[in-house]
Amino acid sequence: NSCIEYYLQIGLAADVERRAMLDLVDQLLYEPCYNILRTKQQLGYIVSSGTRLTHGVLGLCITIQSKTHSATSMEARIDEFLTTHLQMLRDMSDDEYGKNVN
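A quick note: this is a predicted structure, and the numbers were derived from the prediction, not measured.

Visitor: Where do I start with the overall build of the protein in this structure?
Guide: On a plain count of helices and strands, the protein comes out with three helices and three strands. The helix and strand sequence of the protein, counted from the amino end, reads β-α-β-β-α-α. Its C-alpha atoms give the protein a radius of gyration of 14 Å, near enough to 13 Å, the size a compact globule of 102 residues would have. If one aligns the C-alpha atoms of the protein with their principal axes, the spans along those axes are about 40 × 35 × 20 Å. Counting only contacts in the protein whose residues sit at least 6 apart along the sequence, the fraction spanning at least 24 positions is 68%.

Below you can see the structure in the form of structure tokens.
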């Protein structure tokens, strides 16, 4: 059994704009993260993503527990997922952005 908790520190919780942006990113990545890493790639029986607040620092966390993949392998897949999907967020149209914000 292997497990990875992939944590990205985003900034201080006092930064309201950054907190709002992290919540939006979490909202947009939650379903694709599970669908791609759990359902399609079948990396593990536990796959979750979400925001975290640790000692006043905001972060995005992806956790996978697997019987069949090493932590190194899962890390590479998470890197690939984030690279692909964060680019999709950057390329998002104003209309699509508006639909997710409102």
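Visitor: Is there a simple way to think about helix 1 (residues 16-40) in this case?
Guide: Between its terminal C-alpha atoms helix 1 stretches 35 Å, which fits the 36 Å expected from 25 residues at 1.5 Å a residue. For helix 1, the principal kink sits at Leu29 and spans about 40 degrees; a proline, Pro32, occurs within the next four residues. Among all positions of helix 1, only Leu22, Leu24, Val25, Asp26, Leu28, Leu29, Pro32, Cys33, Ile36 and Leu37 are buried. Where helix 1 is buried, its residues meet strand 1 (2-12), strand 2 (46-54), strand 3 (57-66), helix 2 (71-90) and helix 3 (94-101). After helix 1 finishes, the residue Gln42 shows a positive phi value of roughly 50 degrees.

The rules behind the values
- Residues numbered from 1 in each chain as written.
- Predicted model: local features only at pLDDT ≥ 70, side-chain atom pairs only at ≥ 80, totals over all residues.
- Heavy atoms only, no water.
- Helix = DSSP H or I, 4+ residues; strand = E, 2+ residues; numbered from the N terminus.
- Rg over C-alpha atoms; globule rule 2.2 N^0.38 Å.
- Contact = heavy atoms within 4.5 Å.
- Expected span 1.5 Å × (residues − 1).
- Bend = angle between axes of the 7 residues up to and from the residue.
- Buried < 20%, exposed > 50% of the residue type's maximum accessible area, 1.4 Å probe, protein only.

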